Amino acid sequence: MIVPCSGIGKTYGTVSREAAYEVTEDRRPGATGLVALSLLVLGDADARAAVRAHPAVTIDGCKLACAAKMVQESGGHVAQGFAVLDVYRRNRQLKPQGIAELNEGGQQLAHAVAEEIATVVDELVSCEEAPDRA
Amino acid sequence: MPSYLETTVDKFIFKVATDRHYSPAGVWALAEGDRIRIGMTDFLQQLNGDVAFAEVRPEGTVLGTGDEVALIETIKTNVGVPSPVGGTVAEVNPAMELSPEAINQDPYGAGWLALIDARDWPTDRDALLDAQAYFELMTGQAAEEAKKR
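What is the right way to read the overall build of chain A from this model?
Across its full length, chain A carries 6 helices and 3 strands. Start at the N end of chain A and walk to the C end: the helices and strands fall as β-α-α-α-β-α-β-α-α. Relative to its length of 134 residues, chain A is compact, with a C-alpha radius of gyration of 14 Å against a globular reference of 14 Å. The buried share of chain A, reckoned over its 134 residues, is 40%. Restricting to contacts in chain A with at least 6 residues of sequence separation, those with at least 24 account for 59%.

In structure tokens:
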């Protein structure tokens, strides 16, 4: 399950959501699903069940790490937590700007985050398919 | 370990270390022998958000009081940090290269920016605020920021 930041109106939150859409809709549509953080905050039963049933990959836009914390509070397991800022530090040329519409740097940063997540998803799927290696 | 003055504005807690001086812009200065250690205040770092990169002027740079000693890029904005003291940059915090988040995590300690060989510390110090005066100024600034939200 991919759980992105819900920081509406924040550039890094938008990057996290764009990356989540890219992973779940384009890069790994069969292996992943998307859980809205707001549903976890509201205690939605289906959302809580989803993060309890599957390893979660969280994408946080700031150090408050709401996505990771809410997965844990919902009884889920964070298999891997990503911070958009950490990915940006590794890709300084991709300075994100904009909120509703990301600039080119922001879009490229979302691609970079999505690429890293896709790698983690592949590892998780591989472990599930071959539990002895986990 | 310094002691702190502390206030809560909205949901945010802001600390001011009592053992140093401050510029109104939110930069602290702590005398250590002949050198002055400088850094961003807790209020300034919280106001500007998570630090992505910190570029501090290199060792040997000669600064006038108020000259930009560092450029801090955060998730919200770019912040030019004016030096509260004139002199020569003697040492740059090596943590700024790889873990500038130290500014957010420990603004009065591990998140220091630079050590300055001061040209005239007594004169610069007299132009700065003591902790109590800065605390009162900062509390007002924080209240103004809270109104904007």
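Read on, since the account is not over.
Mind showing me how you'd approach the overall build of chain B here?
Helix and strand counts for chain B come out as 5 helices and 11 strands. Radius of gyration (C-alpha) of chain B: 14 Å, near the 15 Å computed for a compact globule of 149 residues. Projected onto the principal axes, the alpha-carbon positions of chain B cover approximately 40 × 30 × 25 Å. Put simply, chain B has 149 residues, and 42% of those count as buried. For chain B, the share of sequence-separated contacts (at least 6 apart) that also reach a separation of at least 24 residues comes to 64%.

Just checking my understanding: could you explain the interface of chain B and chain A for this structure?
One frequent convention defines the size of an interface as the accessible area lost when the parts assemble. Taken together, the 5 residues of chain B in the interface contact 7 residues of chain A. Residues that form the side of chain B that touches chain A fall into these classes: 3 nonpolar, 1 polar and 1 charged.

Could you clarify how one ought to interpret helix α3 (residues 45–53) of chain A in this entry?
An α-helix turns once per 3.6 residues; consequently, residues spaced three or four apart project the same way. Residues and elements named next belong to chain A. Inspection of α3 places Ala47, Arg48, Ala50 and Val51 among the buried residues, and these make up the whole buried set. Down the axis, α3 shows its buried residues gathered within 160 degrees of arc, on one side only. Pointing more than 90 degrees away from the buried face of α3 are the exposed residues Ala45, Asp46 and Ala53.

Looking at this model, I keep getting lost on the sheet that holds strand β3 (residues 78–83) of chain A. Mind explaining?
Pairing between the strands of a sheet is mediated by backbone hydrogen bonds and can be parallel or antiparallel. Residues and elements named next belong to chain A. If you walk across this open sheet you meet the 3 strands as β1-β2-β3, and the pairing is parallel. Of all the strands in the sheet, the pair left with one neighbour each is β1 (2–4) and β3. The average undirected angle you get between the axes of adjacent strands in this sheet is 15 degrees. Across 3 bridges, β1 lies against strand β2 (residues 56–60) in parallel orientation. For Pro4, the partnering residue across the bridge sits in β2 and is Ile59. Packing against the sheet, helix α4 (residues 66–73) makes contact with β1, β2 and β3, and its axis sits at approximately 145 degrees to β2. Taken strand by strand, helix α6 (residues 104–129) contacts β1, β2 and β3, and its axis lies near 170 degrees from that of β3.

What's the story with the nonpolar core in this structure? I'm lost.
A general tendency of soluble globular proteins is for nonpolar side chains to be buried together. If you look at the biggest cluster of nonpolar residues, it comprises 75 residues, and the most contacted ones within it are A:Val113 and B:Ile38. In this structure, B:Ile38 is in contact with B:Val27, B:Trp28, B:Ala29, B:Val69, B:Ser83, B:Pro84, B:Val85, B:Trp112, B:Leu113, B:Ala114 and B:Ile116, ignoring residues within four places of it in sequence.

How do you make sense of the confidence of the model for chain B when you look at a structure like this?
Close reading of the predicted structure is inappropriate where its pLDDT is low. When the pLDDT values of chain B are averaged, the result is 96; 100% of them are 70 or greater. Confidence metrics for the complex model read pTM 0.85 and ipTM 0.75.

Would you mind showing me how to read the pairing of strand β2 (residues 12–17) of chain B here?
In regular strands, side chains alternate between the two faces of the sheet. All names here are of chain B. Here strand β1 (residues 4–9) pairs with β2 via 6 bridges, running antiparallel. Bridged to Leu5 within β2 is Val16. Connecting β1 to the antiparallel partner β2 that follows it, the hairpin turn spans 2 residues, and Asp10 within it adopts a positive phi of roughly 55 degrees.

Definitions and limits used
- Residues numbered from 1 in each chain as written.
- Chains lettered and ligands numbered in written order.
- Predicted model: local features only at pLDDT ≥ 70, side-chain atom pairs only at ≥ 80, totals over all residues.
- Helix = DSSP H or I, 4+ residues; strand = E, 2+ residues; numbered from the N terminus.
- Rg over C-alpha atoms; globule rule 2.2 N^0.38 Å.
- Buried ≥ 20, exposed ≤ 12 C-beta atoms within 10 Å, placed from the backbone.
- Contact = placed C-beta atoms within 7 Å.
- Nonpolar A, V, L, I, M, F, W, Y, C, P; charged D, E, K, R; others polar.
- Arc of directions from axis to C-beta.
- Pairing = 2+ DSSP bridges.
- Axes fitted to C-alpha atoms, helices over the stretch in contact; angles between N-to-C directions.
- Core = buried A, V, L, I, M, F, W, Y, C linked by C-beta atoms within 7 Å.
- pLDDT = per-residue confidence, 0-100.

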